[in-house]
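The primary structure of each chain is shown beneath.
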Amino acid sequence: MVAPSVSLRPIVISGPSGTGKSTLLKRLFADYPDTFGFSVSHTTRKPRPGEVNGVAYHFVERPDFEKLIKENAFLEHAEFSGNYYGTSIKSVQDVAEKGKTCILDIDMQGVISVKKTDLNARFLFLAPPSLETLRARLEGRGTESPESVQKRMDQATKEMEFAKTGAHDKIIVNDNLDKCYEDLKAFIFE
Ligand SMILES: Nc1ncnc2c1ncn2[C@@H]1O[C@H](COP(=O)(O)OP(=O)(O)OP(=O)(O)O)[C@@H](O)[C@H]1O
């Protein structure tokens, strides 16, 4: 599909886990393969065969990662099973340098971090029609244990409260997927 013109300002998409962010972004990237990009994350884990530095991840050693944390280089970072992972401000800027609009799929802490930078991002919140529907989607996806569903539901309540503070430029409810995708495109290509 030929993409309408789009600003190079990063687009931040947030919303409770299970709202449909991955589903919608997959569709967007498939329809407009050259228009959008994801930032390349940093990690301290070792590259797997075939993983190219700067493509799959920026592979760094622990002391270097810790130095970047101290320098406030990351929008968000976390440690999973002994390895650090993070999204740097620079990796978001790099996407625009390549002429693509960076799409960030992050949680409310990430939204708060992005607001503190001069990335000049646009913020979209994707909401489920209701918390009951969200629970049904999380259970229906078949990827979560009951504990994991509950954890996501607790976090979802916080995300929904945060969205009420007016932190986002636009809130879209994912009720009907096709309609939601049209609303998403209207915001992105605004
Ligand atoms: N409008 C919709 N109606 C019904 N089901 C939907 C709709 N949108 C998404 N779903 C389904 O809901 C489930 C959750 O969607 P998805 O995995 O895209 O959520 P997500 O927001 O990316 O979650 P996470 O942040 O955990 O990755 C999927 O099984 C998906 O097919």
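Refer to the preceding data block for the structure.
This section reports on the structure supplied with the text. Note that the structure is predicted; figures quoted are calculated from it, not measured.

**What to know about the site of the ligand**
Then, number 1: Residues in close proximity to the ligand total 15 residues, the closest being Ser17, Ser22, Thr23, Arg141 and Asn174.
Then, number 2: A distance of 2.5 Å separates an oxygen atom of the ligand from a polar atom in the side chain of Ser17.
Then, number 3: Between the ligand and the protein, one listed contact pairs an oxygen atom with a backbone N or O atom of Gly20 at 3.0 Å.
Then, number 4: Taken by itself the ligand offers 650 Å² of open surface, and the protein chains cover 72% of this.
Then, number 5: A molecule is said to occupy a pocket when more than half its atoms come within 2 Å of that pocket's grid points, and by this definition the ligand occupies the largest pocket.
Then, number 6: Of all the secondary structure elements, the ones that give two or more residues to the shell around the ligand are α1 (21-31) and α5 (131-141).

**Overview of the nonpolar core**
Then, number 1: Membership of the largest hydrophobic core comes to 18 residues, with the highest contact counts inside it found for Ile13, Leu28, Phe36, Ile103, Leu184 and Ile188.
Then, number 2: Elements with a contribution of two residues or more to this core: β1 (11-14), α1, β8 (122-127) and α7 (177-188).
Then, number 3: In terms of residues, this core owes the most to one element, α7, which gives 5 residues.
Then, number 4: Residues within four places of Leu184 in sequence aside, it is in contact with Ile13, Leu24, Leu124 and Ile172.

**Some points on the packing of aromatic side chains**
Two descriptors summarise a pair of aromatic rings, namely the distance from one centre to the other and the angle between the planes of the rings.
Then, number 1: Counted according to the given criterion, the structure contains 10 aromatic pairs.
Then, number 2: An aromatic cluster is defined as three or more aromatic residues linked by ring pairs; in this entry it consists of Phe29, Tyr32, Phe36, Phe38 and Phe189.
Then, number 3: If you follow Lys115 out to its NZ or CZ, it ends over the ring of Phe123, 4.3 Å from the centre.
Then, number 4: Seen from the ring of Phe187, Arg122 lies directly overhead, with NZ or CZ sitting 4.1 Å from the centre.

**Looking at the sheet that holds strand β4 (residues 58-59)**
Then, number 1: Strand order in the open sheet made by the 4 strands is β4-β3-β6-β5, with mixed pairing throughout. In the strand order of this sheet, the two ends are held by β4 and β5 (74-80), each with one partner.
Then, number 2: The pairing of strand β3 (residues 42-43) with strand β6 (residues 83-88) spans 2 bridges and is antiparallel. Bridge pairing in β6 links His42 to Gly86.
Then, number 3: Against the sheet, helix α3 (residues 89-97) makes contact with β5 and β6, and its axis sits at roughly 45° relative to β6, the strand it touches most.

**Observations regarding the layout of surface pockets**
Then, number 1: The calculated volume of the largest pocket comes to roughly 1,100 Å³.
Then, number 2: Forming the boundary of the largest pocket are 36 residues, of which Ser17, Lys21, Asp105, Asp107 and Arg152 lie nearest the centre.
Then, number 3: Looking at the lining of the largest pocket, the elements that each hand over two or more residues are α1, β5, β6, β7 (101-105), α5 and α6 (146-163).
Then, number 4: Among the elements that take part in the lining of the largest pocket, α6 stands out by supplying 5 residues, more than any other.
Then, number 5: Broken down by class, the residue content of the lining of the largest pocket amounts to 11 nonpolar, 15 polar and 10 charged.
Then, number 6: Space inside the second largest pocket adds up to approximately 180 Å³.
Then, number 7: As for the second largest pocket, its lining consists of Phe36, Gly37, Phe38, Val40, Gly54, Val55, His58, Ser91, Asp94, Val95, Lys98 and Lys100.
Then, number 8: When residues of the lining of the second largest pocket are traced back to their parent elements, those giving at least two are β2 (36-37) and α3.

**Thoughts on the side chain of Thr44**
Then, number 1: Mapped onto the fold, Thr44 is located in the loop between β3 and β4.
Then, number 2: In this structure the side chain of Thr44 is engaged in a polar contact, spanning 2.8 Å, whose partner is the backbone nitrogen of Tyr84.
Then, number 3: Sequence-distant contacts of Thr44, that is, excluding residues within four places in its chain, are made with Val60, Glu61, Arg62, Phe65, Asn83 and Tyr84.

**Details of the sheet that holds β2**
Then, number 1: The 5 strands lie next to each other as β2-β7-β1-β8-β9, forming an open sheet whose pairing is parallel. Single-partner strands in this sheet number two, and they are β2 and β9 (170-173).
Then, number 2: The pairing of β1 with β8 spans 4 bridges and is parallel. Its bridge partner lying in β8, Ile13 is registered against Leu124.

Cut-off values and rules
- Residues numbered from 1 in each chain as written.
- Predicted model: local features only at pLDDT ≥ 70, side-chain atom pairs only at ≥ 80, totals over all residues.
- Heavy atoms only, no water.
- Near = heavy atom within 4 Å.
- Polar contact = N/O pair within 3.5 Å; in protein donor to acceptor, adjacent residues only side chain to side chain.
- Areas by Shrake-Rupley, 256 points an atom, 1.4 Å probe, with all protein chains shown as cover.
- 1 Å grid on protein atoms, 1.4 Å probe; cavity = no way out; pocket = protein on both sides within 12 Å on 5 of 7 lines; lining within 4 Å.
- Sits in = over half its atoms within 2 Å of the grid points.
- Helix = DSSP H or I, 4+ residues; strand = E, 2+ residues; numbered from the N terminus.
- Core = buried A, V, L, I, M, F, W, Y, C linked by side-chain atoms within 4.5 Å.
- Buried < 20%, exposed > 50% of the residue type's maximum accessible area, 1.4 Å probe, protein only.
- Contact = heavy atoms within 4.5 Å.
- Phe/Tyr/Trp six-rings, centres within 6.5 Å; stacked < 30°, edge-to-face > 60°.
- Lys NZ or Arg CZ within 6 Å of the ring centre and 35° of its normal.
- Pairing = 2+ DSSP bridges.
- Axes fitted to C-alpha atoms, helices over the stretch in contact; angles between N-to-C directions.
- Points joined across faces, edges and corners; volume = space filled by probe spheres on them.
- Nonpolar A, V, L, I, M, F, W, Y, C, P; charged D, E, K, R; others polar.

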